[in-house]
Amino acid sequence: MTRTDRRPLRLLFSLLAALLLAALLGGCSFELKLPQPSAAPSGHDATIYFPSERYPDTAEHIRAAIAAGASAICTIDRDGADANRRESLQGIPTRKKYDRDEWPMAMCREGGAGADVAYVKSSDNRGAGSWIGNQLRGYEDGTRIRFVVP
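Predicted model only: the values in this text are computed from it and were never measured.

(A) View of the pattern of salt bridges. Counted according to the given criterion, the structure contains 6 salt bridges. Put simply, aspartate 141 and arginine 78 hold a salt bridge, and the shortest N to O gap is 2.8 Å. Placement of the pair is aspartate 141 in the loop between helix H4 (122–136) and strand S5 (144–148) and arginine 78 in the loop between strand S2 (73–75) and helix H3 (81–89), with a sequence separation of 63 residues. With relative accessibility at 38%, the residue aspartate 141 sits in the partly exposed group. Exposure remark for arginine 78: the relative accessible area of 34% places this residue in the partly exposed category. Of the charged contacts in the structure, one is a salt bridge between arginine 126 and aspartate 99, with a shortest N-O distance of 2.9 Å. With a gap of 27 residues between them, arginine 126 in helix H4 and aspartate 99 in strand S3 (residues 98–103) connect regions that are remote in the sequence. Look at arginine 126 and you get exposed, because its relative accessible area is 56%.

(B) Structural view of unusual backbone geometry. The omega torsion across tryptophan 103 and proline 104 is -5 degrees, close enough to zero to call that bond cis. Structurally, proline 104 can be placed in the loop between S3 and strand S4 (116–121). Although it is not a glycine, lysine 97 adopts a positive phi angle of roughly 70 degrees. Within the fold, lysine 97 resides in the loop between H3 and S3. Lysine 97 gets classed as exposed once you look at its relative accessible area, which sits at 71%.

(C) Quick peek at the nonpolar core. Phe50, Met105, Met107, Ile132, Leu136, Ile145 and Phe147 are the most contacted members of the largest nonpolar core, which totals 22 residues. Going through the elements one at a time, strand S1 (46–49), helix H2 (56–67), H4 and S5 are the ones with two or more residues in this core. Considering every element that reaches this core, the biggest residue donor is H4, with 4 residues. Not counting residues within four places of it along the chain, the set of residues in contact with phenylalanine 50 comprises Tyr55, Thr58, Ala59, Ile62, Ala128, Trp131, Ile132, Val148, Val149 and Pro150.

(D) Just the state of the cysteines, in detail. According to the stated counting rule, one finds 1 disulfide in the structure shown. Through a disulfide, cysteine 74 is tied to cysteine 108; the S-S separation comes to 2.0 Å. Between cysteine 74 and cysteine 108, the disulfide has an S-S torsion of -95 degrees and is therefore left-handed. Pair noted here: cysteine 74 is in strand S2 and cysteine 108 is in the loop between S3 and S4, with a separation of 34 residues, a long-range link. Cysteine 108 matches cysteine 74 in its accessibility class, with the two residues each being buried.

Reading the values: the criteria
- Residues numbered from 1 in each chain as written.
- Predicted model: local features only at pLDDT ≥ 70, side-chain atom pairs only at ≥ 80, totals over all residues.
- Heavy atoms only, no water.
- Salt bridge = Lys/Arg side-chain N within 4 Å of Asp/Glu carboxyl O.
- Helix = DSSP H or I, 4+ residues; strand = E, 2+ residues; numbered from the N terminus.
- Buried < 20%, exposed > 50% of the residue type's maximum accessible area, 1.4 Å probe, protein only.
- Core = buried A, V, L, I, M, F, W, Y, C linked by side-chain atoms within 4.5 Å.
- Contact = heavy atoms within 4.5 Å.
- Disulfide = S-S within 2.5 Å.

Spelled out as structure tokens, the structure:
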């Protein structure tokens, strides 16, 4: 850049500096307000991203169930898990090497009767169940968790 090419930039910076100085000396003030992140979006308290690459069969079931209208929100209700499991699995026979995977899960208030049930390879489903259990360990009953399955 030549010296004459820089003249417009110098003029712009001088003008901006003069405006800022005039505003400050003239008693003007401004406040920059940035949007603040909320603690949790409406409808849930926390979000968990399910590792679909580690548990692909379970991930596919969750995605399909949510796409079919099942809730992506799980309100933790550990005490209701046994009753929900009985309701959701009633009349669905077991299969060798497969688990009957429920979405929403039995430990969710949204689970139970009407839950989407699919046969998922036992190793995939049990690994996913262990992973979810570890993720939810610190949350109390009543906490609303949104599951995202990439």
